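Secondary and tertiary structure notes
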Amino acid sequence: MTHPTVAELLQQYPQCNAVFAAICDQNGILRGKRYPLAAIDKVFDGQSRLPLSLCNVDIWGNSIASPLPEFLAGDRDGNCVWTGRSPLPTSWLDSQSLLVPLSLCDDSGEPFLGDPRHVCLLYT
């Protein structure tokens with residue numbers, strides 16, 4: 001799957017200077033990291049990592065009890081995988097950013113079933 005280049009994104013969104021790489025938690029809240037626009041290839045190519053526990057928090061961002069064994073062994077990071085959706089301009093952040101939707105996988109590349117995106121795909 002090919003992704004847009006920094007030059008293409010700047011042509012389409014000249015005001016943008018950052019990328020918000022985010023997953024969606026179980027409550028529908030976006031959680032992630034902000035990168036400079038120049039680092040967008042890192043996001044598209046799966047070189048971004050986030051804690052697996054980000055999917056399993058309450059609406060205030062506090063960890064909730066989980067029966068998943070991943071959380072019993074500590075708070076490990078998972079690989080963030082680009083969903084293939086085009087970057088979207090944000091209107092709710094202080095700086096002009098592009099949202100890049102991601103999903104979480106474990107280190108072997110298997111979908112992390114704590115990520116609601118993967119659970120929804122299993123049952124559709």
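Since this is a predicted model, take the numbers as computed values, not measurements.

Regarding the nonpolar core
- Counting residues in each nonpolar core, the largest one holds 23 residues, and the members touching the most others are Val19, Ile23, Ile40, Val43, Val100, Leu102 and Leu104.
- Counting only elements with at least two residues in this core, the list comes to β1 (18–24), α2 (40–44), β4 (77–82) and β6 (97–105).
- Those residues in contact with valine 19, other than ones at most four positions away along the chain, are Lys33, Arg34, Tyr35, Pro36, Leu37, Ile40, Val43, Leu98 and Val100.

Thoughts on the packing of aromatic side chains
- One pass over the structure, following the stated rule, counts 1 aromatic pair.
- Ring geometry for phenylalanine 44 versus tryptophan 82: centroids 4.7 Å apart, planes at 65°, classification edge-to-face. One end of the pair, phenylalanine 44, is in helix α2; the other, tryptophan 82, is in strand β4, with 38 residues separating them in the sequence. The same class applies to phenylalanine 44 as to tryptophan 82, namely buried.

Quick word on the pairing of β4
- When strand β3 (residues 49–51) meets β4, the two strands line up antiparallel, connected through 3 bridges. The partner of proline 51 across the bridge, within β4, is aspartate 77.

A closer look at the pattern of salt bridges
- All told, the structure shown has 2 salt bridges when counted by the stated rule.
- In this structure, aspartate 25 engages arginine 31 in a salt bridge whose closest nitrogen and oxygen atoms are separated by 2.7 Å. The pair aspartate 25 / arginine 31 is uniform in exposure class, with both members buried.
- In this structure, the salt-bridge partner of arginine 49 is aspartate 107, at a minimum N-O distance of 3.1 Å. Here arginine 49 is found in strand β3, whereas its partner aspartate 107 is found in the loop between β6 and α4 (116–122), with 58 residues between them in sequence.

The rules behind these values
- Residues numbered from 1 in each chain as written.
- Predicted model: local features only at pLDDT ≥ 70, side-chain atom pairs only at ≥ 80, totals over all residues.
- Heavy atoms only, no water.
- Core = buried A, V, L, I, M, F, W, Y, C linked by side-chain atoms within 4.5 Å.
- Buried < 20%, exposed > 50% of the residue type's maximum accessible area, 1.4 Å probe, protein only.
- Helix = DSSP H or I, 4+ residues; strand = E, 2+ residues; numbered from the N terminus.
- Contact = heavy atoms within 4.5 Å.
- Phe/Tyr/Trp six-rings, centres within 6.5 Å; stacked < 30°, edge-to-face > 60°.
- Pairing = 2+ DSSP bridges.
- Salt bridge = Lys/Arg side-chain N within 4 Å of Asp/Glu carboxyl O.

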